[in-house]
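# Coordinates in review
This is what each chain is made of:
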Amino acid sequence: MGSLINDDYPIQLSSAPFIDFSILLNQDSRIKNDVIKEIGKACQDFGFFSIINHGIGESLIEDVMDANSRFFDMPIEEKKELLSNDVYKPVRFETFIQDDKENGKLTREFLKLYAHPIGDWIGSWPGNPPDYRYLKFLTANMKTYAIEMRALSSQVCGAIMESLSLSSTFWQNKIEQGMQMMGINCYESACQLNNIWTGIAPHTDHTIFTLLVQSSPGLQVMNPSDGCWNAAPGPKGSLHVLVGDHLQVLSNGKYKSVIHRAVPGSEERRLSVASFHSFAMDEVVEPAMELVDKEHPNYKGSSVRDYLNYLSSKESKPFLETLKIVS
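This write-up is about the structure you can find in this document. (Residues numbered from 1 in each chain as written. Predicted model: local features only at pLDDT ≥ 70, side-chain atom pairs only at ≥ 80, totals over all residues. Heavy atoms only, no water.)

## Quick look at helix α1 (residues 29-45)
With 17 residues, α1 extends 24 Å from end C-alpha to end C-alpha; this agrees with the ideal 24 Å at 1.5 Å per step. All buried positions along α1 are accounted for by V35, I36, I39, G40, A42 and C43. Down the axis of α1, the buried side of the element spans an arc of 160 degrees, and every buried residue falls inside it. In α1, the exposed positions angled more than 90 degrees off the buried face are occupied by R30, K37 and K41. The elements touched by buried residues of α1 are β2 (18-20), β3 (48-52), α4 (142-163) and β12 (239-243). The N-cap of α1, judged by a side-chain oxygen 2.9 Å from the amide nitrogen of R30 a few residues on, is D28. Two residues or fewer after α1 comes G47, characterised by a positive phi angle close to 70 degrees. (Helix = DSSP H or I, 4+ residues; strand = E, 2+ residues; numbered from the N terminus. Expected span 1.5 Å × (residues − 1). Buried < 20%, exposed > 50% of the residue type's maximum accessible area, 1.4 Å probe, protein only. Arc of directions from axis to C-beta. Contact = heavy atoms within 4.5 Å. Polar contact = N/O pair within 3.5 Å; in protein donor to acceptor, adjacent residues only side chain to side chain.)

Now the structure itself:
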């Protein structure tokens, strides 16, 4: 059996582009259009790109990593009130042990937080550590991060929709009125225990897109052109944008949801903080009519609730596969 640490072939860095997001604020429309085209090409070729100069401060990211690390440090007795495997719960903590056909069993700890509208959910977020929701002197921590990521998501959505030649304002409104879920994964050190590694098996996200930051390398994305795994590169503070299943549906297959996994990258604990962005719970996502050739969509419509219902059914077939229309 192979291991996540020693693959048969060296893992190459992904050639998906880095996007300097500050350029999108440039008044020169030609320069902005070039960046929009680059984003579109990345979504089409890789389902993935990274952004720098995105406006999320490094100190805020470090504070969020620290707060979540201290949450996972707490004994299970202090987290048990959040412990649940109910996929419908808006706030929950779970320890996963997952079968992976290539690497045996994988484990991780996971914290899920609904984050929009923030006022509806923050009271249900972890109360410990005491400063998890707020830092001292009333400076927000996870709350600030969630709000800033939501604002960034609107800009990311606008750029992606422009790259599809769709109305950015219309779809931005869908994202702004839609769902935001924070997903924090904790992967302990890379050592193997009883044939169990820390990591997560290959999967796609069901979202429109995901914005992810990691404390250290470990995210790998599959290159659609050759099926090889590529490490997600990035300077400190960079964010990764992952195309989700619902964006593949909305684009009628032009953009592909990226298959990705997490592997242990060192002997230290690794955290990832993902901000998942979708339309509202019962909003049906279907191919945009502007992208449907001869009125024949490639996918059926579905909502986030449809996905949760499917997830709770324990079916093994990927949800996206059930949405494909066979002509």
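## A word on the packing of aromatic side chains
Summed over all chains, the structure comprises 10 aromatic pairs. When the centroid spacing of 4.9 Å and the interplanar angle of 85 degrees are considered together, the rings of F170 and W171 count as edge-to-face. Summarising the aromatic geometry, the rings of Y310 and F319 are spaced 5.4 Å apart at their centres and angled 50 degrees between planes, so their arrangement reads as tilted. A relative accessible area of 17% places Y310 in the buried class. Three or more aromatic residues joined by ring pairs form one cluster here, namely F71, F72, F93 and Y132. The ring of F71 carries the charged tip of K79 above its face, separated from the ring centre by 5.7 Å. (Phe/Tyr/Trp six-rings, centres within 6.5 Å; stacked < 30°, edge-to-face > 60°. Lys NZ or Arg CZ within 6 Å of the ring centre and 35° of its normal.)

## So, the pattern of salt bridges
Under the counting rule described, the total for this entry stands at 10 salt bridges. Residue K79 pairs with E109 through a salt bridge whose shortest N-O separation is 3.9 Å. With K79 in the loop between α2 (58-73) and β4 (91-100) and E109 in strand β5 (residues 104-114), the pair connects residues that are 30 residues apart, well separated along the chain. In this structure K79 comes out as buried when scored by relative accessible area, which is 2%. Assessed through its relative accessible area of 17%, E109 is described here as buried. The salt bridge involving K324 is made with E321; its shortest N-O contact spans 3.2 Å. Look at K324 and you get partly exposed, because its relative accessible area is 37%. A single network of salt bridges, built from pairs that share partners, joins D66, R70 and D131. (Salt bridge = Lys/Arg side-chain N within 4 Å of Asp/Glu carboxyl O.)

## A look at the packing of α4 against helix α5 (residues 168-176)
Where α4 meets α5, the axes come as close as 8 Å, and the angle between the chain directions of the two elements is 145 degrees. Note that α4 runs across α5; the crossing there is right-handed. In this structure, α4 contributes R150, S153, S154, Q155, C157, G158, M161 and E162 to the contact, and α5 contributes S168, W171, Q172, I175 and E176. Taken together, the residues of the contact of α4 with α5 sort by class into four nonpolar, six polar and three charged. (Axes fitted to C-alpha atoms, helices over the stretch in contact; angles between N-to-C directions. Left-handed = near helix turned anticlockwise from the far one by under 90°. Nonpolar A, V, L, I, M, F, W, Y, C, P; charged D, E, K, R; others polar.)

## Digging into the packing of α1 against α4
One way to put it is that α1 packs onto α4 with a least axis distance of 8 Å and a crossing angle of 85 degrees. Of the possible angle classes, the one that applies to α1 and α4 is roughly perpendicular. Side by side, α1 and α4 meet where K32, I36, I39, G40 and C43 of the first sit next to A159, I160, E162 and S163 of the second. A breakdown of the residues in the contact of α1 with α4 according to their chemical character gives five nonpolar, two polar and two charged. (Parallel < 35°, antiparallel > 145°, perpendicular 65-115°, else oblique.)

## Here's the deal with the pairing of β3
Counted residue by residue, β3 has four buried out of five residues, so it is predominantly covered. As paired elements, β2 and β3 share three bridges and run parallel to each other. Residue I19 lies in a different strand from β3, and its bridge partner there is I51. Taken together, β2, α1 and β3 constitute a β-α-β crossover, and its handedness is right-handed. Relative to β12, β3 runs antiparallel, the two being bridged by four bridges. When the sheet's bridge partners are listed, F48 is paired in β12 with L242. (Pairing = 2+ DSSP bridges. Right-handed = clockwise from strand over helix to strand, strands pointing away.)

## Focus: the side chain of R270
By secondary structure assignment, the location of R270 is in strand β14 (residues 270-278). Within the structure, the side chain of R270 is placed 2.5 Å from the side chain of Q214, a separation counted as a polar contact. Sequence-distant contacts of R270, defined by excluding residues within four places in its chain, comprise N185, C186, Y187, Q214, S215, S216, P217, G218, L219, A262 and V263.

## Structural notes on the environment of P129
Checked against the element boundaries, P129 lands in the loop between α3 (118-121) and α4. Discounting residues that sit within four places of it in the chain, P129 has contacts with A67, R70, F71 and M74.

## Remarks on α5
Along α5, the residues classified as buried are S168, W171, Q172 and I175. For α5, the arc enclosing every buried residue in end-on projection is 105 degrees, short of the 170-degree limit, so these residues lie on one face. On its buried face, α5 is in contact with α4, β9 (209-214), α6 (245-250) and β14.

It is worth stressing that arrangement in space is one thing and function is another; only the former is reported here.
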